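Residue-level listing of the chains:
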Amino acid sequence: MDAASPARIEAVLKYLSESDFSSFLAAATVEQFVLAKLKDTEVSFTEIARLSEVFLADHRQGVRGVLGSSAYPMQDVDFFVLPLASSFVLTYVPDGQASITMSLGLMEVLRLGCAASHLESAIGKLESDQALCEAIGISELHRMIRSLKTMTQYFNACAIIHFKEPGPLPNIEASLDENTRKYIGVTLQAVLMFVLLHELGHIEFRRSRRHLSRSTMDIAWEFTVAEEISIRKEEELYADRFAIQSVPPLFMLPLVHAATFFLHLHNYVDATTGSRPNMHPLCVNRISAMYALANRMAAADAVGHRAVSLAIETGAQLWTRAEPTLSLSVLRRFVESLSKVDWRPAQEALQILASRPVISTLG
């Protein structure tokens, strides 16, 4: 996989603007984007190509410890990043050259999801730290934990809204300490690794014509939540398996853990529609299927078991309750109510924890 050339970017965008892919994006942003760029306004195709080249080089450097220096070696695949607020990643697979395009909006909403997950981890550490409780007092500790929980809910709500209605996101740089930002950056690399490997799985699936192997819809009872599996959903499951099997066995569980940062959040995005998704399996089922695959290779005490199990449990509760609908209007009001909140208690808690954890890298 290589960064796309300016001419290739223009050709793919023309195709996308004339296809059903535009239905994935709010207000037909692909078509608007293409028209703007053809008039040489805002960002040029050359600038997009350069942005994509730099991003791919930096990302390969970040994941070299897992995938090696030649990460994503699949031939005849190009990649480019679109500077759009909408959250999407699309794969175009004609007879020859394939293309993967990802929006900057998706990267930023994933960064926010990683931040929320880190805050949840910090809350768990604080709640179990008896020595810290004795040092600062239970009242002060509870104040910090309440602030962290509210910040976590705020980040998650902003991310869900952004998937449906792209707009400004919280300034993580200003809200969090340097140590936390480093952790989020490392985690985001792992999440993006899963996303790109998953998209390469789509390419492998379509090139091998696996989507022609069946034409009926089945009920998959072995999932956490029973659901009908169409050919389109089968392709998604194949792409998930491809991603997990593309990393060394000992990194399979960490990659599933990284995938939950995106998929667990998307459970709630799906719930805002009021009905089950028809283009992909329930995200909780995708997580549980990958977990079953990775669990065979993971040690019992490996990092990730608790987080993945919790994501499966809460995702199942969401889709098995009477009305899984999540109200965007309620989320908007919640976010608005916190737009000027004082986050200093949460920031103080993170600074206390900053001297304890050791930031690991994928490199």
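Placed above this text is the structure.
Residues numbered from 1 in each chain as written. Predicted model: local features only at pLDDT ≥ 70, side-chain atom pairs only at ≥ 80, totals over all residues. Heavy atoms only, no water.

### Thoughts on the nonpolar core
Of all hydrophobic cores here, the largest spans 98 residues; its most connected members are Tyr72, Met193 and Leu200. In terms of residue count, the dominant contributor to this core is helix α7 (residues 138-164) (13 residues). In this structure Tyr72 touches Met1, His59, Arg60, Val63, Leu67, Leu192, Met193, Leu196, Leu197 and Leu200, once residues within four positions along its chain are discounted. Counting residues in hydrophobic clusters, the runner-up holds 14 residues, among them Leu13, Phe45, Leu82 and Tyr92. (Core = buried A, V, L, I, M, F, W, Y, C linked by side-chain atoms within 4.5 Å. Buried < 20%, exposed > 50% of the residue type's maximum accessible area, 1.4 Å probe, protein only. Helix = DSSP H or I, 4+ residues; strand = E, 2+ residues; numbered from the N terminus. Contact = heavy atoms within 4.5 Å.)

### Quick word on the pattern of salt bridges
The final tally for this structure, using the stated rule, is 14 salt bridges. Glu348 is paired through a salt bridge with Arg143; the nearest N and O atoms lie 3.2 Å apart. Of this pair, Glu348 sits in helix α15 (residues 344-354) while Arg143 sits in helix α7, and the two are 205 residues apart along the sequence. By relative accessible area, which is 31% here, Arg143 ends up partly exposed. In this structure, Lys233 engages Glu227 in a salt bridge whose closest nitrogen and oxygen atoms are separated by 3.0 Å. For the pair Lys233 and Glu227, one class covers both residues: buried. Taken together, the salt bridges that share partners define one network made up of Arg232, Glu236, Asp240 and Arg286. (Salt bridge = Lys/Arg side-chain N within 4 Å of Asp/Glu carboxyl O.)

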